[in-house]
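# Per-entry structural report
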Amino acid sequence: MPNRTDLLLQQLQKKILILDGAMGTMIQRYALKEDDFRNEALYGVKKSLRGNNDLLSLTRPEIIREIHKAYFDAGADIVETNTFSSTAIAQEDYGLSDLAYQLNVESAKLAREVADECSAKNPKKPRFVAGAIGPTNRTASISPDVNDPGFRAVTFDQLVEAYSEQVEGLLDGGVDILLVETVFDTLNAKAALYAIQDVFEKRGLPLDPWEGGIPIMISGTITDASGRTLSGQTTEAFLISIAHVPLLSVGLNCALGAKELRPYLKVLAENAPFYVSVYPNAGLPNEFGKYDQGPAEMNGQLEDFLKEGWVNIVGGCCGTTPEHIAMISNTASKYSPRQLNVKTLEK
């Protein structure tokens with residue numbers, strides 16, 4: 001039996017893999033109250049915890065299981081752990097930094113259990129778990145104080161420490177992939193990659209997935225029509241900045257819908273020496289912050305990428321649901337994956 005990394009690489013050579021959709025969109029369907037975000041250990045916390053969705057892996061694990069299963073049932077090959085904000089830095093706002101490791105372990109275990117159950121039912125369609133590593137709520141490149149451009153709310157070393165703890169938890173919980181996602185500041189992403197490399201070295205894990213390492217995916221976010229990340233990089237500059245690591249894939253997610261991402265995804269498809277992923281929002285948010293793009297419209301826009309042969313992994317971000325993923329999965333099955341481009345980034 002091949003190990004899960006080998007199995008993942010084999011699947012990527014055969015077909016376009018389907019990533020799940022939004023976690024927050026699904027959680028909203030449950031109309032949860034403050035008590036849902038608390039267990040016995042958290043009843044004494046004075047701050048409001050409602051909206052700290054990562055806590056649900058501890059307080060309402062059955063909900064997170066249901067969401068993972070819904071996406072697998074819709075056709076997803078990969079689900080993300082409920083850990084987008086499970087760093088000591090992001091949890092500091094709630095006074096729960098000490099829970100970061102536990103959140104990652106338990107969230108990874110939940111996703112692992114569901115993935116294994118679904119794989120056992122249909123061994124011909126193996127399911128995988130990606131450990132979601134969000135950007136944190138702080139940026140290492142930009143000052144949050146307009147009156148003090150040199151000020152930074154976080155240091156590189158602080159980010160590395162927080163990401164290292166998260167990576168340890170995700171690996172201990174059994175993830176197949178580490179996904180550094182929604183990158184708005186490449187310096188934050190570099191801290192995450194540095195932390196991953198450091199943890200891998202301590203554990204004796206190879207960094208390259210083709211040598212048996214845990215695969216690393218990275219996904220940036222283009223914040224507006226300028227075509228740049230929040231920290232000011234173009235798509236190609238972002239790619240060059242992180243290409244020193246032997247990644248499984250590089251891609252784009254969040255902020256924009258599929259239609260708006262088209263020119264930037266094209267840059268990655270033409271230049272990346274890795275597999276390419278894309279998981280856009282369900283269009284742009286309306287005036288109430290909701291996403292109105294239905295499965296058919298989003299699927300139609302994503303199919304354009306599939307026809308062009310630009311992607312290897314496709315899914316959905318904010319506003320997407322199992323209904324979106326089901327339609328995307330069905331459409332993607334009709335197309336061949338992007339062929340890996342091994343040319344260098346040198347001009």
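Residues numbered from 1 in each chain as written. Predicted model: local features only at pLDDT ≥ 70, side-chain atom pairs only at ≥ 80, totals over all residues. Heavy atoms only, no water.

### Section: the overall build of the protein
Broken down by element type, the protein carries 12 helices and eight strands. A compact globule built from 347 residues would reach a C-alpha radius of gyration of about 20 Å, and the protein, at 19 Å, matches this within 12%. When the backbone C-alpha atoms are referred to their principal axes, the protein occupies close to 55 × 50 × 50 Å. Of all intrachain contacts in the protein linking residues separated by at least 6 positions in sequence, the fraction that spans at least 24 positions is 77%. (Helix = DSSP H or I, 4+ residues; strand = E, 2+ residues; numbered from the N terminus. Rg over C-alpha atoms; globule rule 2.2 N^0.38 Å. Contact = heavy atoms within 4.5 Å.)

### Thoughts on the sheet that holds strand S6 (residues 249-257)
As summarised here, the arrangement of the eight strands in space is S1-S8-S7-S6-S5-S4-S3-S2, forming an open sheet in which the pairing is parallel. Sheet topology places strand S1 (17-18) and strand S2 (78-80) at the edges, where each strand pairs with a single neighbour. Here S1 runs beside strand S8 (residues 313-314); their pairing, made up of two bridges, is parallel. Bridge assignment links leucine 17 to a residue of S8, and that residue is isoleucine 313. (Pairing = 2+ DSSP bridges.)

### Details of the environment of tyrosine 275
Residue position: tyrosine 275 is located in strand S7 (residues 275-281). Along the chain, tyrosine 275 and isoleucine 313 lie 38 residues apart, while their C-alpha atoms are 7.8 Å from each other. Not counting chain neighbours up to four residues away, the residues in contact with tyrosine 275 comprise Leu12, Gln13, Trp210, Leu248, Ser249, Val250, Asn312, Arg338 and Leu340.

### Examining the packing of aromatic side chains
Taken as a whole and judged by the stated rule, the model has three aromatic pairs. Taken together, a centroid distance of 6.0 Å and an interplanar angle of 70° make the contact between phenylalanine 156 and tyrosine 194 edge-to-face. Here tyrosine 194 lies in helix H8 (residues 186-203) and phenylalanine 156 lies in helix H7 (residues 156-173), a separation of 38 residues in the sequence. (Phe/Tyr/Trp six-rings, centres within 6.5 Å; stacked < 30°, edge-to-face > 60°.)

### Let's talk about the pattern of salt bridges
With the rule as written, the count across this model stands at 18 salt bridges. Here glutamate 270 ties to lysine 266 by a salt bridge, and the two come within 2.6 Å at their closest N and O atoms. A residue pair is termed a helical-turn pair when its members lie 3 or 4 positions apart in one helix, as glutamate 270 and lysine 266 do in helix H10 (residues 258-271) at four residues. Among the residues examined, glutamate 270 registers a relative accessible area of 37% and is labelled partly exposed. Several salt bridges converge on common partners, so that one network encompasses Arg4, Arg112, Asp116 and Asp176. (Salt bridge = Lys/Arg side-chain N within 4 Å of Asp/Glu carboxyl O. Buried < 20%, exposed > 50% of the residue type's maximum accessible area, 1.4 Å probe, protein only.)

### So, helix H1 (residues 4-14)
Residues of H1 that are buried include every one of Thr5, Leu8, Leu9, Gln11 and Leu12, and no others. Projected down its long axis, H1 shows its buried positions confined to an angular sector of 160°, all on one face. The exposed residues of H1 that point more than 90 degrees off its buried face are Gln13 and Lys14. In this fold, the buried residues of H1 make contact with S1, strand S3 (128-133), strand S4 (177-183), S7 and S8. At the N-terminal boundary of H1, the capping side chain belongs to asparagine 3, with an oxygen 3.1 Å from the backbone nitrogen of threonine 5. (Arc of directions from axis to C-beta. Polar contact = N/O pair within 3.5 Å; in protein donor to acceptor, adjacent residues only side chain to side chain.)

### Some details on the nonpolar core
By size, the foremost hydrophobic cluster in this structure holds 86 residues, and its most contacted members are Leu178, Ile218 and Val250. Of all the elements, H8 adds the most residues to this core, at eight residues. The contacts of leucine 178, once residues within four sequence positions are left out, are Gly131, Ile133, Val167, Leu170, Leu171, Ile196, Phe200, Ile214, Pro215, Ile216 and Met217. If you look at the next biggest cluster of nonpolar residues, it comprises 17 residues, including Leu12, Ile177, Leu179 and Cys317. (Core = buried A, V, L, I, M, F, W, Y, C linked by side-chain atoms within 4.5 Å.)

### Concerning the packing of H8 against helix H9 (residues 235-242)
The geometry of H8 relative to H9 is characterised by a closest axis approach of 10 Å and an angle of 25° between their N-to-C directions. With respect to H9, the element H8 is oriented roughly parallel. H8 and H9 meet at a crossing whose hand is right-handed. Between H8 and H9, the residues in contact are Thr186, Lys190 and Leu193 and Phe238, Ser241 and Ile242, respectively. Along the lines of polarity and charge, the residues of the contact of H8 with H9 split into three nonpolar, two polar and one charged. (Axes fitted to C-alpha atoms, helices over the stretch in contact; angles between N-to-C directions. Parallel < 35°, antiparallel > 145°, perpendicular 65-115°, else oblique. Left-handed = near helix turned anticlockwise from the far one by under 90°. Nonpolar A, V, L, I, M, F, W, Y, C, P; charged D, E, K, R; others polar.)

### Concerning unusual backbone geometry
In this model, alanine 31 sits at a positive phi of 45°, which is unusual for a non-glycine residue. Residue placement: alanine 31 occurs in the loop between helix H2 (23-28) and helix H3 (56-59).

### With respect to the packing of helix H11 (residues 295-308) against helix H12 (residues 322-332)
Contact pair H11 / H12: the axes reach a minimum separation of 9 Å and the direction vectors enclose 35°. As for the relative orientation of H11 and H12, their crossing is right-handed in sense. On H12, the residues touching Pro295, Ala296, Met298, Asn299, Leu302, Glu303 and Leu306 of H11 are Glu323, His324, Met327, Ile328, Thr331 and Ala332. Taken together, the residues that form the contact of H11 with H12 break down as eight nonpolar, three polar and two charged.

### Notes on the environment of isoleucine 78
Among the secondary structure elements, isoleucine 78 is positioned in strand S2. Separated by 33 residues in the primary sequence, isoleucine 78 and alanine 111 have C-alpha atoms spaced 9.7 Å apart. Setting aside its immediate chain neighbours within four residues, isoleucine 78 contacts Leu17, Ile18, Leu19, Asp20, Phe72, Phe128, Ala130 and Ile177.

Limitation: the analysis is restricted to geometry and does not speak to function.
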